[in-house]
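Letter by letter, the chains look like this.
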Amino acid sequence: MRIIVTGAAGFIGSHLCERLLQEEKNIVIGIDGCIDHTQRSIKLRNMKTLLNHPRFQWLDENLLNMDWNKVLLKNDVIFHLAAIPGVRSSWGTNFQLYVDHNILGTQRLLEACKTIPIKKLIYASTSSVYGEKIGKVTEDSDLSPLSPYGVTKLTGEHLCKVYSENDGIPITILRYFTVYGPRQRPDMAFHRFIECLVKKKPIPVYGDGKQTRDFTYIADCVEGTVSALHGDHLLGETINIGGKERASILEVINLLEELTGQKLTIDFIGKPRGEPRHTWADISKAEQLLHYSPKVSLKEGLQLELKDLLDLYKEV
C-alpha cells in the first residue's frame, strides 16, 4: 500500500510513519517542510530511524507550494497530520500562519484529491474543537472551540466534509486528546516540565494546576490512527482518540517527583487563554469501530517520555 503522511517529521507523524513501515506491504511518503514552531534539528531527530529506511521517502516541501499532481497516485492513502499546532501561540498576528497552513493547506490537498481518486484520506483533528464541556465528550457534542487554533482545525473538518459530500472524497476524521510521550513538542506541557526539571528551573503552571486532561500515550494514539486504514465502514465517520486515564496537572507533577526523586518548584503564572478546564474523551465509538483499546498508563508513558527527553537534553 502506498501511504502519504503529511507532517511526517512531527511528534505524532514520525511515530505514525515508523508504525506503518512495520508492515512490509507499505511504502510511506512523508511530507514535511518543517515550518512550524519546532526547531528543524528536533524534526530531524524525530526522523532518525526513517531517513535510511528503504520503503520511506521524505519530501521536504511546504504543502502550500507543492504540486500535488506530481505526488498523488490513484489509490493512495493519505494521513493528513500537517498543521501549525498550539493553542497559546494562535492569537494575534500568528493567526495568519494557522490560516495558511491549517485551512488553506488542507483545502489545496482536497482540491488535488478531486481529480485523483485516492483510497482514503484520514484527517487528524483535535479535542480543541469541542471547547469547554462537562463530563465525557461524544463525537456528536456541540463544537465551540475556545482558541483560534481550534477554529482552524474545525474549519479543516468542515472542508473535509464539504469535499466529501460534493466530490466523493473518502474521508475519516480523528480527534486526538492531549497526546504525549517520546518526541513530544517543546511547547507542550510535559516537555516543558521535564526541560525545567533538567535545567533546575521552577515549573510554569497556568491557573491552579487542578485542570484535567485526557492524556493519550503516543503508541496508543498511533494504533488507533493506523486502525482507521481498514474498512469502508469508517468512511464519513468522526472518531475520538483518547487515553487510558485522566489526571490534573498537579497530579502529573507529583508523578514526575515520584519518578525522579526530586522535589519540584511550581511557578503559577496566571489563567490560560483559550483552553478548556477539563477534557475527557468518550472513546466508545473508537472501541466499536476501530477496536481501539489504550493500554499505556500515565505513569508508564510519562516515564518513557522522561527517558527520551533526558537523552535529548544530554545531546544539546
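A brief look at the structure comes next. Just so it is clear, the structure is predicted and the values come from calculations on it, not from any experiment.

1. Here's the deal with the pattern of salt bridges
Now for step 1: This model, assessed by the stated rule, comprises 19 salt bridges.
Now for step 2: A salt bridge links aspartate 32 to lysine 43; the shortest N-O distance between them is 3.5 Å. Here aspartate 32, found in the loop between strand 2 (27–31) and helix 2 (40–46), pairs with lysine 43, found in helix 2; they are eleven residues apart in sequence, far enough to count as distant.

2. Remarks on helix 6 (residues 218–227)
An α-helical turn contains 3.6 residues, so a residue and the one three or four places further along point in the same direction.
Now for step 1: Taken across its ten residues, helix 6 has seven buried, putting it largely inside the fold.
Now for step 2: Within the span of helix 6, buried status applies to Ile218, Asp220, Cys221, Val222, Gly224, Thr225 and Val226.

3. As for the pairing of strand 5 (residues 120–126)
Now for step 1: For strand 5, the buried fraction is high: seven of the seven residues fall into the buried class.
Now for step 2: The alternating pattern of strand 5 places Lys120, Ile122, Ala124 and Thr126 and Leu121, Tyr123 and Ser125 on opposite faces, both of which are buried.
Now for step 3: On the question of chirality, the crossover connecting strand 4 (residues 77–80) to the parallel strand 5 by way of helix 3 (residues 95–115) is right-handed.
Now for step 4: In terms of strand pairing, strand 5 meets strand 6 (residues 171–176) through six bridges, oriented parallel. Across the sheet, the residue bridging to threonine 126 is tyrosine 176, located in strand 6.
Now for step 5: You can see the chain leave strand 5, run along helix 4 (residues 148–167) and come back into strand 6, and the turn it takes is right-handed.

4. Here's the deal with the state of the cysteines
Now for step 1: Under the criterion given, the structure shown has zero disulfides.
Now for step 2: Cysteine 113 takes part in no disulfide bond, and the closest cysteine sulfur, belonging to cysteine 160, lies 9.1 Å away.
Now for step 3: On the basis of relative accessibility, which here comes to 5%, the residue cysteine 113 falls in the buried class.

5. Some details on the sheet that holds strand 4
Now for step 1: As summarised here, the arrangement of the seven strands in space is 3-2-1-4-5-6-10, forming an open sheet in which the pairing is parallel. Of all the strands in the sheet, just strand 3 (56–59) and strand 10 (238–241) have a single pairing partner and so form its edges. Strand-to-strand twist of the sheet, defined as the mean angle between neighbouring strand axes without regard to direction, takes the value 20 degrees.
Now for step 2: Summarising the sheet, strand 1 (residues 2–6) and strand 4 pair through four bridges and their orientation is parallel. Among the inter-strand pairings, isoleucine 3 is bridged to a residue of strand 4, identified as valine 77.
Now for step 3: Contacting strand 5, strand 6 and strand 10, helix 4 crosses the sheet at an angle of about 155 degrees to strand 5.

Parameters at a glance
Residues numbered from 1 in each chain as written. Predicted model: local features only at pLDDT ≥ 70, side-chain atom pairs only at ≥ 80, totals over all residues. Heavy atoms only, no water. Salt bridge = Lys/Arg side-chain N within 4 Å of Asp/Glu carboxyl O. Helix = DSSP H or I, 4+ residues; strand = E, 2+ residues; numbered from the N terminus. Buried < 20%, exposed > 50% of the residue type's maximum accessible area, 1.4 Å probe, protein only. Right-handed = clockwise from strand over helix to strand, strands pointing away. Pairing = 2+ DSSP bridges. Disulfide = S-S within 2.5 Å. Axes fitted to C-alpha atoms, helices over the stretch in contact; angles between N-to-C directions. Contact = heavy atoms within 4.5 Å.

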